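Chains, contacts and geometry: an overview
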Amino acid sequence: MIQIADISELKGGKKKVVFLHSGIFRLLREHLRFRHCTLNKKGYYLEYKNGTYTILSFVGLRNAFLNFVVNDFDSIEFNIPINKADFIEECYKQLPLKRTGYAKSYLSKDFTLTEENKHKIMLAIDDKYAADFIMAKTREFLNNQAFVETVDKIGNFYKDCILYYKKAASQYIVVNVAYKSKSLHTHFDLWRISAKSENDFLHKKFNTFTFDRKVFDLKKDFELFETEIKAIE
């Protein structure tokens, strides 16, 4: 095991604990598999769980170190013996894990996220990335289902917003962005509209019409959205 502190004995039997930062970060990187990366010009600490890296706060990183000391004390290497309670007390008193450039540099060394892992993290931290991905995924699915893409020029749904439609029996299945907003979102409405013809559907203003409306947040409901689309075709 890696040595994370140097212990020296003082007069009266007391012991002085000097933490070795290189040993602590080596423990975190090589044994506990914590890393650091930069995405969108911002740094993130990472923890390895269930075969993938996820974002961890610095406080979470520090707590993981302290939990290791408490739960795995017997596996820590010491140059001279020290009482477990005394060592844990020093850990909480000194809080040796500091937020420094060295920490980021050491945990980033020789580390690159896989494209799949990077994609999962980007979905969590970048709203524009997530919205663009969901839009592309939705467009691909609707194209594969033979939906036509157009723009609502009349305002039956939301004027000047993209909508997708497909004729099914005597109705049109319609998918449109739920509302305009400066904020990024992935909310879509699903409608079933009765119209005499495609020309009427595209160019006639409906004052009243029958619709079957369900709102989907595709970040959460994409599979349900797919199921609903296929069920009403």
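None of these values were measured; they are calculated from a predicted model. (Residues numbered from 1 in each chain as written. Predicted model: local features only at pLDDT ≥ 70, side-chain atom pairs only at ≥ 80, totals over all residues. Heavy atoms only, no water.)

1. Comments concerning the pattern of salt bridges
When the charged atoms of two side chains with opposite charge come close together, those side chains can pair. This model, assessed by the stated rule, comprises 6 salt bridges. In this structure, E90 engages K93 in a salt bridge whose closest nitrogen and oxygen atoms are separated by 3.5 Å. Of this pair, E90 and K93 both sit in helix α3 (residues 84–94), 3 residues apart, roughly one helical turn. Exposure remark for E90: the relative accessible area of 17% places this residue in the buried category. For K93, a relative accessible area of 57% puts it in the exposed group. Between R139 and E149 there is a salt bridge, and its shortest N-O distance comes to 3.3 Å. (Salt bridge = Lys/Arg side-chain N within 4 Å of Asp/Glu carboxyl O. Helix = DSSP H or I, 4+ residues; strand = E, 2+ residues; numbered from the N terminus. Buried < 20%, exposed > 50% of the residue type's maximum accessible area, 1.4 Å probe, protein only.)

2. Thoughts on the nonpolar core
Counting residues in each nonpolar core, the largest one holds 30 residues, and the members touching the most others are L28, L61, F65, I76, F87 and L97. Secondary structure elements with two or more residues in this core: β1 (5–9), β2 (15–19), α1 (21–31), α2 (58–71), α3 and α4 (101–108). Broken down by element, this core gets its largest block of residues, 7 residues, from α2. Setting aside anything within four residues of it in sequence, one finds F65 in contact with I4, I24, L27, L28, P96 and L97. F141, L190, L218 and F225 belong to the second-largest nonpolar core, a separate cluster that totals 16 residues. (Core = buried A, V, L, I, M, F, W, Y, C linked by side-chain atoms within 4.5 Å. Contact = heavy atoms within 4.5 Å.)

3. Overview of the pairing of β1
Within a regular beta strand, the side chains point alternately toward one face of the sheet and then the other, so they alternate between its two faces. Examined bridge by bridge, β1 and β2 share 5 bridges and lie antiparallel to one another. For S8, the partnering residue across the bridge sits in β2 and is K16. In sequence, β1 turns back onto β2 through a hairpin of 5 residues, with G12 there showing a positive phi of about 85°. (Pairing = 2+ DSSP bridges.)

4. Re the environment of K16
For K16, the position within the fold is in strand β2. The exposure class assigned to K16 is partly exposed, which follows from its relative accessible area of 44%. For K16 and I82, which are 66 residues apart along the polypeptide, the C-alpha to C-alpha distance reads 9.8 Å.

5. Details of unusual backbone geometry
Here the phi dihedral of K41 falls at roughly 65°; this positive angle occurs in a residue that is not glycine. Note on placement: K41 falls in the loop between β3 (35–39) and β4 (42–49). Judged by its relative accessible area of 85%, K41 falls in the exposed class. Positive phi, close to 50°, is recorded for N50, a residue that is not glycine.

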